[in-house]
Amino acid sequence: MYTPVAADVAKLRNTTGAGMMDCKKALVEAEGDFEKAIEILRKKGQKVAANRADRESTEGAVIAKVNEDNTMGAIIALNCETDFVAKNDAFVELAHELAEQAVFYANKEEFLASDFHGTTVSEKLVEQTGVIGEKIEIGSFERIEGPFLGAYIHAGNKIAAITSLSANVEGAADAAKAVSMQIAAMNPIALDETQVSQETIDKELEIERDILTKEGKPANIIDNILKGKMQRFYKDNTLVHQAFIKDGSLSVADYVKSVNPDLKVLGFVRVSLA
């Protein structure tokens, strides 16, 4: 029987992330063939993945990354089943590495099919399912481009956001991070009132109209009251109109203008496990 040497076991472990005993057994089964041993471990991952396909992967790590010139960014949620795994250093490191790669792909499908150290991202997730013993998957994928991007990952890796600003000016990095913190904390539904869906507007109007009617407000003044209600709704729920969390006397738009009079927020993405 082939007996693997420690160096080969360590090499296989570094390549696949599998446990030492799993690597040793795979090398024995493969009779020392390194590539065959990798395939054996991947097939084990496929089997575990199939057995856990119906499990919920609601824990994980949400990671945001931008490229070197701050013009492209992505957020991914690498999901798992338990908080214990989500806090594991190797799992978080994998999430960071995957997020760095996600920056360069237009959508989740392209990202999953992309090469990741000689395999695809999708195959790597199956492999890690076998290594960890939990369902591992990309739960969310958001990508954004812009003149200048800044990211923020909240402590614990449960929420992340990226902000797009109109220009790379002095102070833009701090401003983009501050606005991303705002997005993470306040979860705006849109950039401004023009970006709120008609469905959301209609629903809010219906709710407020029903409340006012039940309060006995005259029908001829309800429409005027609703205008004020919707202005308040936009102030509370759209990013540029929200009160800035670091200085409530300013809106987010006013804060950004204080950094540079011509600076504007162009867009954002946000991902949360909650």
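Parameters at a glance
- Residues numbered from 1 in each chain as written.
- Predicted model: local features only at pLDDT ≥ 70, side-chain atom pairs only at ≥ 80, totals over all residues.
- Heavy atoms only, no water.
- Salt bridge = Lys/Arg side-chain N within 4 Å of Asp/Glu carboxyl O.
- Helix = DSSP H or I, 4+ residues; strand = E, 2+ residues; numbered from the N terminus.
- Buried < 20%, exposed > 50% of the residue type's maximum accessible area, 1.4 Å probe, protein only.
- Pairing = 2+ DSSP bridges.
- Axes fitted to C-alpha atoms, helices over the stretch in contact; angles between N-to-C directions.
- UniProt positions renumbered as here; feature names shortened; annotations may be inferred.
- Parallel < 35°, antiparallel > 145°, perpendicular 65-115°, else oblique.
- Left-handed = near helix turned anticlockwise from the far one by under 90°.
- Contact = heavy atoms within 4.5 Å.
- Nonpolar A, V, L, I, M, F, W, Y, C, P; charged D, E, K, R; others polar.
- Core = buried A, V, L, I, M, F, W, Y, C linked by side-chain atoms within 4.5 Å.
- Phe/Tyr/Trp six-rings, centres within 6.5 Å; stacked < 30°, edge-to-face > 60°.
- Lys NZ or Arg CZ within 6 Å of the ring centre and 35° of its normal.

### Brief notes about the pattern of salt bridges
Part 1: Summed over the entire model, instances satisfying the criterion amount to 11 salt bridges.
Part 2: Its salt-bridge partner being aspartate 236, residue arginine 232 comes within 3.2 Å of it at the nearest N-O pair. Placement of the pair is arginine 232 and aspartate 236 together in helix α10 (residues 219-237), with a separation of four residues, close to one helical turn.
Part 3: Judged by relative accessible area, which is 38%, aspartate 236 ranks as partly exposed.
Part 4: Linked by salt bridges that have partners in common, Glu59, Asp83, Lys87 and Lys158 make up one network.

### What about the sheet that holds strand β5 (residues 137-145)?
Part 1: Reading across the sheet, the three strands line up as β1-β2-β5 and stay open at both edges, with antiparallel pairing between neighbours. Strands with a single pairing partner mark the edges of an open sheet, and in this sheet they are β1 (59-66) and β5. Within this sheet the neighbouring strands show an average axis-to-axis angle of 10°, counted without direction.
Part 2: Two strands pair when backbone bridges link them, and β1 and strand β2 (residues 72-80) are joined in this way by eight bridges, in the antiparallel orientation.

### Comments concerning the UniProt feature "domain: Translation elongation factor EFTs/EF1B dimerisation" (unreviewed entry) in the protein chain
Part 1: Summarizing the sequence annotation, UniProt attributes the feature "domain: Translation elongation factor EFTs/EF1B dimerisation" (unreviewed entry) to residues 73-273 in the numbering used throughout.
Part 2: Secondary structure within residues 73-273 divides into 47% helix and 24% strand; the distance between the first and last C-alpha atoms comes to 19 Å.

### Examining the packing of helix α9 (residues 198-214) against α10
Part 1: With their axes 10 Å apart at the nearest point, α9 and α10 run at an angle of 130° to one another. Judged by the angle between their axes, α9 and α10 are oblique. α9 and α10 meet at a crossing whose hand is right-handed. Between α9, through Thr200, Ile201, Glu204, Leu205, Glu208, Arg209, Leu212 and Thr213, and α10, the contact on the second element is made entirely by Ile222, Asp223, Ile225, Leu226, Lys229, Met230, Phe233 and Tyr234.
Part 2: When the residues that make up the contact of α9 with α10 are grouped by side-chain class, the tally is nine nonpolar, two polar and five charged.

### Quick notes on the sheet that holds strand β6 (residues 148-153)
Part 1: With antiparallel pairing, the three strands of this open sheet are ordered in space as β6-β7-β10. Each edge of the sheet is formed by a strand with only one pairing partner; in this case those strands are β6 and β10 (265-272). Taking the axes of each pair of neighbouring strands and ignoring which way they run, one obtains an average angle of 15° across the sheet.
Part 2: Of the pairings in the sheet, the one linking strand β7 (residues 159-165) to β10 comprises seven bridges and is antiparallel in character. When the bridges of β10 are listed, isoleucine 159 appears paired with serine 272.
Part 3: With respect to the sheet, helix α8 (residues 172-186) is in contact with β6, β7 and β10, its orientation differing from that of β7 by roughly 135°.

### Here we look at the nonpolar core
Part 1: One finds Ile76, Leu78, Phe91, Leu98, Phe111, Leu125 and Ile138 to be the most contacted residues of the largest nonpolar core, which totals 23 residues.
Part 2: Contact partners of leucine 78, with chain neighbours within four places excluded, come to Glu59, Gly60, Ala61, Phe91, Leu94, Ala95, Leu98, Leu125, Ile136, Glu137 and Ile138.
Part 3: Among the nonpolar cores identified, the runner-up in size contains 19 residues, and Ala176, Val179, Leu191 and Tyr255 belong to it.

### Observations regarding the packing of aromatic side chains
Part 1: The final tally for this structure, using the stated rule, is three aromatic pairs.
Part 2: Between phenylalanine 233 and tyrosine 234 the ring centres are 6.0 Å apart and the planes differ by 65°, which places this aromatic pair in the edge-to-face class. Considered together, phenylalanine 233 and tyrosine 234 belong to a single accessibility category, that of buried residues.
Part 3: Between phenylalanine 244 and tyrosine 255 the ring centres are 4.1 Å apart and the planes differ by 10°, which places this aromatic pair in the stacked class. Taken together, the residues span a long stretch of sequence, with phenylalanine 244 in strand β8 (residues 243-244) and tyrosine 255 in helix α11 (residues 252-259) at a distance of 11 residues.
Part 4: Look at phenylalanine 244 and you get buried, because its relative accessible area is 5%.
Part 5: Here the basic side chain of lysine 11 rests over the ring of phenylalanine 34, its NZ or CZ set 4.6 Å away from the ring centre.

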